[in-house]
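# Examination of the molecular architecture
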Amino acid sequence: PLPINGENPRISTCCSKIICDGCSVANGLRHFRENLQQTCPFCRHPMPKTDEQNNKNYMKRVEKNDPVAMTQIGFTLENEGDYDSAFGLWTKA
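Residues numbered from 1 in each chain as written. Predicted model: local features only at pLDDT ≥ 70, side-chain atom pairs only at ≥ 80, totals over all residues. Heavy atoms only, no water.

### Overview of the side chain of Ser24
What counts, and what does not: Starting at the N terminus, helices and strands are each numbered in turn, a helix being any DSSP run of H or I of at least four residues and a strand any DSSP run of E of at least two. Any two residues whose heavy atoms approach within 4.5 Å at even a single point are treated as in contact.
Along the polypeptide, Ser24 turns up in helix α1 (residues 21-33). Non-local contacts of Ser24, meaning those with residues more than four positions away in its chain, are made with Arg10 and Ile19.

Okay, structure coming up:
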């Protein structure tokens with residue numbers, strides 16, 4: 001489910017699906033209560049525990065020409081000051 005007001009969305013790095021913050025919290029609570037491993041609510045891939053794992057998942061999605069992942073990596077590159085690479089990814093997305 002998408003957020004109603006467009007605020008606080010969460011993007012799953014494994015499949016680039018957008019989920020609202022409330023649904024993400026509800027999924028996390030279910031995993032906690034049932035003592036399950038945290039997984040993506042869409043593809044059931046284990047949730048990454050570090051930023052390095054997040055970036056690795058995003059790069060796998062970029063290699064598959066996923067426009068959501070390309071946009072997110074573009075924002076990261078822009079924040080790091082690499083405007084040319086960011087613009088290239090946004091154009092490709």
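So much for the structure itself; the text now carries on.
### Quick look at the packing of helix α3 (residues 67-79) against helix α4 (residues 83-92)
To keep things clear, this is the line we draw: Lines fitted to C-alpha atoms define the axes here, with helix axes fitted over just the stretch in contact, and angles between the N-to-C directions of these axes take values from 0 to 180 degrees. Roughly parallel means an angle under 35 degrees; roughly antiparallel, over 145; roughly perpendicular, 65 to 115; everything else is oblique. Two helices crossing with the near one rotated counterclockwise from the far one by less than a right angle form a left-handed crossing, whereas a clockwise rotation gives a right-handed crossing. Note that Gly is not counted as nonpolar here; it falls among the polar residues with everything else outside the nonpolar set of Ala, Val, Leu, Ile, Met, Phe, Trp, Tyr, Cys and Pro and the charged set of Asp, Glu, Lys and Arg.
Axis separation between α3 and α4 bottoms out at 8 Å; the angle between their running directions is 165°. Accordingly, the angle class assigned to the pair α3 and α4 is roughly antiparallel. Note on packing geometry: the crossing formed by α3 with α4 is left-handed. Contact residues: Met70, Thr71, Ile73, Gly74, Phe75, Leu77 and Glu78 in α3; Tyr83, Ser85, Ala86, Leu89, Trp90 and Lys92 in α4. For the contact of α3 with α4, the class distribution of residues is 8 nonpolar, 3 polar and 2 charged.

### Points about a nonpolar patch on the surface
The condition that has to hold: Residues qualify for a patch when their relative accessible area is over 30% and they have no salt bridge, like charges being joined within 9 Å and the nonpolar side chains of Val, Leu, Ile, Met, Phe, Trp and Tyr within 5 Å. Residue exposure ignores everything except the shown protein chains as possible cover, and the areas themselves are Shrake-Rupley values with a 1.4 Å probe. Within this document, salt bridges are pairs made up of a side-chain nitrogen of Lys or Arg and a carboxyl oxygen of Asp or Glu, the two lying within 4 Å of each other. With a 1.4 Å probe rolled over the protein chains alone, any residue whose accessible area is under 20% of its type maximum counts as buried; one over 50% counts as exposed, and the rest are partly exposed.
Nonpolar side chains collect at one region of the surface, where Phe75, Phe87 and Trp90 lie side by side and expose about 320 Å² of accessible area between them. Classification of Phe75 as partly exposed rests on a relative accessible area of 39%.

### Quick word on the nonpolar core
Using the following cut-off: The term nonpolar core refers to a set of buried residues drawn from Ala, Val, Leu, Ile, Met, Phe, Trp, Tyr and Cys, joined through side-chain atoms within 4.5 Å.
Judged by nonpolar contacts, Tyr58, Val62, Ala69, Met70, Ile73, Leu77, Ala86 and Leu89 together constitute the single largest core of 8 residues. Looking at this core, the elements that each hand over two or more residues are α2 (51-63), α3 and α4. Per-element tally for this core: the top contributor is α3, with 4 residues. Non-local contacts of Leu89, meaning those with residues more than four positions away in its chain, are made with Val62, Met70, Ile73, Gly74 and Leu77.

### Quick notes on the pattern of salt bridges
Applying the stated criterion across every chain, the model contains 3 salt bridges. In this structure, Arg30 and Glu34 form a salt bridge, with 3.7 Å as the shortest nitrogen-oxygen distance. Of the residues examined, Glu34 reaches a relative accessible area of 48% and is grouped as partly exposed. The salt bridge partner of Arg61 is Asp66, with a shortest N-O separation of 3.0 Å. Its relative accessible area of 10% is what places Asp66 among the buried residues.

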